[in-house]
Amino acid sequence: MEADQKTQSPLTWLVWGLIGLIDLILLYGVTLMYAQEEIAFALMILLIVCTGTWVFISNKGYNYRYVFPALLGVSLFIVFPLIYTVNVAFTNYSSSNLLPLERVKLHHLRKTYKTEGESYNFKVYQQGTDYRVLFINDQVANKHLVSDPFNEISIPAPLKTDFSATLPEGKELPFKDTIKLRQTLKKLIVELPDNSELSMTSLRKFGPMSKVYQDIGHDTLEDVRNGNRLKPNHETGYYIEIPEGQPDSAGKQIGPGFVVYNGWDNFVRVINDPGIQGPFLQIFIWTLFFAGLSVFFTMVVGLLMACLVQWEPLKGNGVYRLLLILPYAVPAFISILIFRGLFNQNFGEINMLLNLLFGVQPEWFSNESLAKTMVLIVNTWLGYPYMMILTIGLLKSIPDDLYEASAIDGASPIQNFFNITLPMIIKPLTPLLIASFAFNFNNLVLIALLTDGAPNIIGASTPAGATDILVSYTFRIAFGQYGQDYGLASAIATFIFVMVGIIAWVNLKATKRVLE
């Protein structure tokens, strides 16, 4: 027994060393995240490190070692995004309120303005990885200043200068190379021998610059030019510029905004704002119809095609089966873009054919009913091969004796379908139909590539279209071209999560009853 423990000891130490190394790397990542003010991500990684270490070291956590990867995946890709989304829903996080207060404060403190004083032309000299700047005053002969050395990684603050009768060591950079260094040069705060400071005012000059604001405490800034104050408003998420001697109510908002918690405001907007409430309910109802009708049409078409290719008297079944499965083999986004061209109102082949036969050219993308019809047609085309593949396998599992007995009784093919085929396949097909409903409920790719939600809903205060489903509606609010409102999008996503949870619960109950 002692011999076994001795032989296992080096392996144990190796495992402990490997776990310790992984923990150190992850803790270093936690430190970097915390330094970047990504507190939520840092806490999540820290929790994973502590839990994982306990599971793989403690004897009490031995039973969890095999399920820990699955739990980790669920936590990372389901639980954490859900918690993060709900958290964002209680903020004003948007394209105009994107930064934390400290970053916005730093942004204002970095603002400068040009003051009176001498301006200097400059040249940059390079020696190895270091640079020196030669400052030249055209109005005063032989009044040249040379800066201390600096590089792109290490920039002294401030950068000292002194008079020099000789040129700096190294080679003079041509103007095109100086332009490449402009981001580094813009960061320079140059201190002259008389303690005055210069900053880069153009691509060719440095001049006297001063800070616009100074920090007077409690996150309040003062304009050194006129005494006006910038005071943060934690209700609106903006700094308010207050004229000297005026009350806070006389101030005006100054961008950029910062992120603040605004409580239930986003949820109240969804419920009370007519420009959001109306489109949201309309899109929610359409999403249910879209997902339900897509499942129904794909199942009907797929089942009919499966019955057709299973029909024994039909010659060349394999060729028909191959042709009918082709839409499933072509990448969905290619098929969608092809259909978008086919349904083009002015140049599409479908309208050309309809105009030739019936003299009509439907407005597929601008008429709400036609747009929804087009979406269902395309989605049925994309989805029926999947249903056909599933039902072909289920049809093969039905005993032939049942059809032989029905033939003796004189049953028609339609009676066979409704009395034998459909009852035999509906139970194993039900979970797959629910999965198809869930897929179509979140079918962002189809809507984004085919219609992008068009036509737009009149009176909506957020980007919303008649063919939008909930996921595309939320996506457009969060990442659309008309402004990004992440807080509102997160609130809508929270509503969607609750609704989908209720629908899933009802589906599970209904499925249980069907399968019993």
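Okay, so let's go over this structure. Bear in mind the structure is a predicted one, so any value in this text is a computation, not a measurement. (Residues numbered from 1 in each chain as written. Predicted model: local features only at pLDDT ≥ 70, side-chain atom pairs only at ≥ 80, totals over all residues. Heavy atoms only, no water.)

**Digging into the overall build of the chain**
So, point 1. Looking only at helices and strands, one finds 17 helices and 16 strands in the chain.
So, point 2. In summary, the chain has a C-alpha radius of gyration of 34 Å against a globular reference of 24 Å for 516 residues, an excess of more than 25%.
So, point 3. Each of the three principal axes of the chain carries a C-alpha extent, and together these read 115 × 90 × 55 Å.
So, point 4. The buried share of the chain, reckoned over its 516 residues, is 34%.
So, point 5. Long-range pairs, those at least 24 residues apart, make up 58% of the contacts in the chain with a sequence separation of at least 6.
So, point 6. Entry remark: accessible area of the chain is about 30,800 Å², with carbon and sulfur atoms responsible for 63%.
So, point 7. Averaging the coordinates of the 36 positive side-chain charges in the chain and doing the same for the 41 negative ones gives two points 3 Å apart. (Helix = DSSP H or I, 4+ residues; strand = E, 2+ residues; numbered from the N terminus. Rg over C-alpha atoms; globule rule 2.2 N^0.38 Å. Buried < 20%, exposed > 50% of the residue type's maximum accessible area, 1.4 Å probe, protein only. Contact = heavy atoms within 4.5 Å. Areas by Shrake-Rupley, 256 points an atom, 1.4 Å probe, with all protein chains shown as cover. Lys, Arg positive; Asp, Glu negative; His and termini not counted. Charge placed at Lys NZ, Arg CZ, Asp CG, Glu CD.)

**Observations concerning unusual backbone geometry**
With the exception of glycine, the majority of residues adopt a negative phi angle, and the majority of peptide bonds are in the trans configuration.
So, point 1. Of the consecutive residues glycine 255 and proline 256, the connecting peptide bond is found in the cis state with omega at 0 degrees.
So, point 2. Inspection of the secondary structure assignment puts proline 256 in the loop between β15 (252-254) and β16 (257-258).
So, point 3. With omega at -5 degrees, the peptide bond leading from alanine 454 into proline 455 counts as cis.
So, point 4. Topologically, proline 455 is positioned in the loop between α15 (444-450) and α16 (470-479).
So, point 5. The backbone of histidine 218 shows a phi angle near 60 degrees, a positive value even though the residue is not glycine.

**Details of a positive patch on the surface**
So, point 1. Together, Arg103, Arg110, Lys187 and Lys211 make up a region of like positive charge exposed at the surface.
So, point 2. Secondary-structure assignment places lysine 211 in strand β10 (residues 205-211). (Patch = residues over 30% accessible without salt bridge, like charges linked within 9 Å, V, L, I, M, F, W, Y side chains within 5 Å. Salt bridge = Lys/Arg side-chain N within 4 Å of Asp/Glu carboxyl O.)

**Structural notes on the pattern of salt bridges**
So, point 1. Overall, the coordinates contain nine salt bridges when judged by the stated rule.
So, point 2. Residues glutamate 368 and lysine 372 are paired through a salt bridge, measuring 3.1 Å at the closest nitrogen-oxygen approach. Note that glutamate 368 and lysine 372 are positioned in helix α12 (residues 368-396) at a spacing of four residues, about one turn of the helix.
So, point 3. Residue lysine 372 is classed as buried on the basis of its relative accessible area of 16%.
So, point 4. A salt bridge links aspartate 468 to arginine 476, with the nearest nitrogen and oxygen atoms 2.5 Å apart. By the burial criterion, aspartate 468 is buried, and arginine 476 matches it.
So, point 5. Taken together, the shared-partner salt bridges connect Lys105, Asp215 and Asp219 into one network.

**Observations regarding a nonpolar patch on the surface**
So, point 1. Nonpolar side chains collect at one region of the surface, where Trp54, Tyr62, Tyr64, Tyr66, Val67 and Leu71 lie side by side and expose about 670 Å² of accessible area between them.
So, point 2. Its place among the elements puts valine 67 in the loop between α2 (39-57) and α3 (68-89).

**A word on the pairing of strand β14 (residues 238-242)**
So, point 1. The element β14 is extensively covered by neighbouring structure, given that five of its five residues are classed as buried.
So, point 2. Across the two faces of β14 the burial is the same, with Tyr238, Ile240 and Ile242 and Tyr239 and Glu241 all buried.
So, point 3. In this sheet, β14 lies alongside strand β13 (residues 229-233) in antiparallel orientation, the contact comprising five bridges. In the strand pairing of β14, arginine 229 is matched with isoleucine 242.
So, point 4. Connecting β13 to the next strand, β14, in antiparallel fashion are four residues, including glycine 237 with a positive phi near 80 degrees. (Pairing = 2+ DSSP bridges.)

**Concerning the environment of leucine 303**
So, point 1. With respect to the helices, strands and loops of the structure, leucine 303 is situated in helix α8 (residues 274-309).
So, point 2. Accessibility expressed as a relative area gives 4% for leucine 303, which makes it buried.
So, point 3. The sequence separation of leucine 303 and histidine 234 amounts to 69 residues, and the corresponding C-alpha distance is 59 Å.
So, point 4. Leucine 303 has contacts with Thr391, Phe417, Leu422 and Ile425, leaving out every residue within four places of it along the chain.

**Description of helix α4 (residues 101-109)**
So, point 1. Turning to α4, its buried residues number three or more, namely Leu101, Val104, Lys105 and His108. Each buried residue of α4 sits inside an arc of 100 degrees when the element is viewed along its axis, so together they form one side. (Arc of directions from axis to C-beta.)

**A few points about the nonpolar core**
So, point 1. Within the largest apolar cluster, 39 residues are counted, with the highest numbers of intra-cluster contacts made by Phe280, Leu470, Tyr473 and Ile492.
So, point 2. Of all the secondary-structure elements, those providing two or more residues to this core are α8, α12, α14 (413-441), α16 and α17 (486-515).
So, point 3. Looking at this core, the element that brings in the most residues is α8, giving 10 residues.
So, point 4. Among the nonpolar cores identified, the runner-up in size contains 18 residues, and Phe122, Val133, Leu198 and Phe206 belong to it. (Core = buried A, V, L, I, M, F, W, Y, C linked by side-chain atoms within 4.5 Å.)

**Examining the side chain of histidine 108**
So, point 1. Along the polypeptide, histidine 108 turns up in helix α4.
So, point 2. Since its relative accessible area comes to 0%, histidine 108 is described here as buried.
So, point 3. The contacts of histidine 108, once residues within four sequence positions are left out, are Tyr213, Leu221, Leu230, Tyr239, Ile254, Gly255 and Pro256.

**Focus: the pairing of strand β3 (residues 120-127)**
So, point 1. For β3 and β10, the ladder comprises two bridges, and the chain directions are antiparallel. The partner of asparagine 121 across the bridge, within β10, is lysine 205.
So, point 2. In this sheet, strand β4 (residues 130-136) lies alongside β3 in antiparallel orientation, the contact comprising seven bridges. Each bridged residue has a counterpart across the sheet, and for asparagine 121 the counterpart in β4 is isoleucine 136.
So, point 3. Adjacent in sequence and paired antiparallel, β3 and β4 are bridged by two residues, among which glycine 128 carries a positive phi angle near 70 degrees.

**Observations regarding the sheet that holds β13**
So, point 1. Read from one edge of the open sheet, five strands run β11-β12-β13-β14-β15, paired in antiparallel fashion. Of all strands in the sheet, those with a lone pairing partner are β11 (213-215) and β15, marking the two edges. Across this sheet, the average inter-strand angle for adjacent strands is 35 degrees, counted without regard to direction.
So, point 2. As defined by bridge partners, strand β12 (residues 221-223) adjoins β13 across two bridges and the pair is classed as antiparallel. Paired with glutamate 222 across the strands is arginine 229, a residue of β13.
So, point 3. Sitting on the sheet, α4 touches β11, β12, β13, β14 and β15, and the angle it makes with β11 is about 135 degrees. (Axes fitted to C-alpha atoms, helices over the stretch in contact; angles between N-to-C directions.)

**Observations regarding the side chain of asparagine 416**
So, point 1. Examined against the element boundaries, asparagine 416 turns out to sit in helix α14.
So, point 2. Asparagine 416 gets classed as buried once you look at its relative accessible area, which sits at 15%.
So, point 3. Not counting residues within four places of it along the chain, the set of residues in contact with asparagine 416 comprises Tyr403, Ser406, Ala411 and Thr421.

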